[in-house]
Amino acid sequence: MWQAIANSLANGHDQTARPQDVIIGGDLSLSESPPVSELALAAVSSAVAAVRALAGTRGKAVIDRTLVDRWCKASVTPLGWKLPSQWDDFARDYATRDGWIRLHTNAPHHRAAALGVLGTPETAEEAVERISHWDGEDLETAIVDAGGCAAVRHDTATWRTHPQGQAVAKEPVVAWTERPARKAPWRSTNAARPLAGLRVLDLTRVLAGPVCTRFLAGFGASVLRIDPESWNEDGNAIEMTVGKTCSTIDLKTEDGRDAFLKLAGEAHLLVSGYRADALDRLGLGPEALQAANPDLITVSLNAYGWTGPWRTRRGFDSLVQRSTGLAAPGPDGQPKGLPYQVLDHSTGYLMAATAIHALLRASSGGVISTARLSLARQAHLLLDHRQEEPKPSDFIPSDLIRRGPTFEATAWGDLHRLPLPFEIEGIAAGWRCAAHPLRSDPLQWNDEVPS
């Protein structure tokens, strides 16, 4: 798995296997099959190694496996208040006439689409009864066609013969395209804060993309996150908006598109989590972006892959787990999800590593990269390495977990955030602002001045 990730980042350039000079410590806490912890650890290590390469440091790095696992579950603990639920009441697994289906109803319009197909049940209990009379694939198709999000639970053998499963299996972990740069590329000028001065335009939501931009912000990048007025996710925002500027643009209007293209012209990197055809439909596809900024690096995420019949399907980690067979049946037959949303978190850290490698290629080779990743391709890494077990000799004790959490005062209330799961000698990681609500900042860059 480590080699597959390293090869995906190399793309015919530097051939690096497991990151050098990275010390991995902590407990072997989630070493079951599939190797969830190993995938998360490999992705975090790839991002840490990329930061070291960008900074040009020979200082050692330490990564704590236990803290990686904990960060992938939740990084914050509220002090005297309760975190908002990350799940809607209807977001769960349901028994159909011929198996199981998962509904994802966290967004109001996704919930309305699914419940509309079911005749608008008022409670999840009513939904249980109505769904029991459906064949799973018929209901999945009806909800997806209505603009909702659902996934039948397949076994892995079925997924591997499914047209989408076959398409994803042929995709690289990171799909790269490159074009010549037109001007001098952005370069890091601060070894201690190697991403200071980098402008990142953030069009991501929920977990995977925000994990990427949270990581980049932690090393000094100016991240400007854009959300529409209709989008809310307080539970995730508490985790993911730390260190970022959070503003809004209506990309469906001409003025909004003009404002966005102006920002794209000022940015060095665009990170997007929109579906494969979404920006094109808004008139913000590759041609428009390159016209606004020929040297804009783009790193994009899609749930179900970039080829195949489901390339434009809405998807989330929990749904991809069901589609691919990673959510195996429990004793009662109900699908049991993985210990945490590892597809989101591993893809997010790998996106961060990809972005930094793209910056390195721009500065060393004069090329501008476009990179594409997907949750489904990360699922295949787990499926392909299902029996891979890390060796206990690979791990040594780490002092990182003994550090206390950091205090953070937020709009929701005071909280403690876990200590970072990594440390790089000579590099200061951390964020310049606490987590705060979406759309609460002016539409402008908040640059960290390189020293």
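In this text the structure is predicted, and so the values were computed from the model without any measurement. (Residues numbered from 1 in each chain as written. Predicted model: local features only at pLDDT ≥ 70, side-chain atom pairs only at ≥ 80, totals over all residues. Heavy atoms only, no water.)

**Considerations on the overall build of the protein chain**
Using the following cut-off: Counting from the N terminus, the helices are DSSP H or I runs at least four residues long and the strands are E runs at least two residues long. With the radius of gyration taken over C-alpha atoms, the globule rule is written as 2.2 Å times the number of residues to the power 0.38. Each residue's exposure class comes from its accessible area (1.4 Å probe, protein chains only) as a fraction of the maximum for that residue type: buried when under 20%, exposed when over 50%, partly exposed otherwise. Methods summary: accessible areas were calculated by the Shrake-Rupley approach with a probe of 1.4 Å, and residue burial reflects only the protein chains presented.
Looking only at helices and strands, one finds 16 helices and 18 strands in the protein chain. The C-alpha atoms of the protein chain give a radius of gyration of 21 Å, which matches the 22 Å a tight globule of 451 residues would have. If you line up the protein chain on its principal axes, its C-alpha atoms span 65 × 60 × 50 Å. Across the 451 residues that make up the protein chain, the buried fraction comes to 56%. Accessible surface for the protein chain amounts to roughly 18000 Å². Of this, 50% is attributable to carbon and sulfur atoms.

**Describing helix H2 (residues 36-55)**
Our working rule: The length a helix should cover is 1.5 Å for every residue beyond the first.
In this model, H2 (20 residues) spans 29 Å end to end at C-alpha, consistent with the 28 Å of a helix rising 1.5 Å per residue. Counting buried positions along H2 yields 18 of 20 residues, so the element is predominantly enclosed.

**Some details on the packing of aromatic side chains**
Note the following rule: Two aromatic rings, drawn from Phe, Tyr or Trp (for Trp, its six-membered ring), form a pair once their centres lie within 6.5 Å of each other, and the interplanar angle then sorts them: stacked below 30 degrees, edge-to-face above 60, tilted otherwise. Only when the NZ atom of a Lys or the CZ atom of an Arg is both within 6 Å of the ring centre and within 35 degrees of the ring normal do we say a charge sits over the ring.
One pass over the structure, following the stated rule, counts seven aromatic pairs. Between the aromatic rings of Phe 215 and Phe 219, the centroid separation amounts to 5.0 Å while the plane-to-plane angle is 50°, which identifies the pairing as tilted. Residue Phe 215 shares its accessibility class with Phe 219, and that shared class is buried. A centroid spacing of 5.9 Å and a plane angle of 20° characterise the contact between Phe 219 and Phe 422, whose relative ring orientation is stacked. Highlighted residues: Phe 219 in the loop between helix H9 (208-217) and strand S9 (222-227) and Phe 422 in strand S18 (residues 422-424), separated in sequence by 203 residues. One aromatic cluster in this structure is built from Phe 215, Phe 219, Tyr 349 and Phe 422. The ring of Trp 87 carries Arg 102 above its face, with NZ or CZ at 5.1 Å from the centroid. Stacked on the ring of Trp 176, the Lys or Arg Arg 361 has its end atom at 3.8 Å from the ring centre.

**Re the sheet that holds strand S3 (residues 76-78)**
Backbone-to-backbone hydrogen bonds join strands into a sheet, with any given pair of strands oriented parallel or antiparallel. Applicable threshold: At least two DSSP bridges between two strands are needed for those strands to be called paired. An axis is simply a line fitted to the C-alpha atoms; with a helix, the fit covers only the stretch in contact. Between two such axes, the angle follows the N-to-C directions and lies from 0 to 180 degrees.
Pairing is antiparallel across the open sheet formed by three strands, whose spatial order is S3-S17-S16. Pairing within the sheet leaves two strands with one partner each, and these edge strands are S3 and strand S16 (406-409). The average undirected angle you get between the axes of adjacent strands in this sheet is 30°. The sheet contact formed by S3 and strand S17 (residues 414-417) spans three bridges and is antiparallel. The residue of S17 that forms the bridge with Pro 78 is Leu 415.

**Points about the packing of helix H1 (residues 2-10) against H2**
Helices that pack against each other are described as a pair by the angle of their axes relative to one another and the distance between those axes. Defined as follows: Helix crossings get a hand from a simple test, with the near helix turned counterclockwise from the far one by less than a right angle marking a left-handed crossing and a clockwise turn marking a right-handed one. Should any heavy atoms of two residues lie within 4.5 Å, those residues are considered in contact. For this classification, Asp, Glu, Lys and Arg are treated as charged, while Ala, Val, Leu, Ile, Met, Phe, Trp, Tyr, Cys and Pro are nonpolar and the rest, including Gly, are polar.
Between H1 and H2, the least distance of the axes is 10 Å, while the angle of their chain directions is 35°. Regarding H1 and H2, the two cross each other, and that crossing is right-handed. Of H2, the residues touching H1 (which contributes Trp 2, Ile 5 and Leu 9) are Glu 38, Leu 39, Leu 41, Ala 42, Ala 43, Ser 45 and Ser 46. Taken together, the residues of the contact of H1 with H2 break down into seven nonpolar, two polar and one charged.

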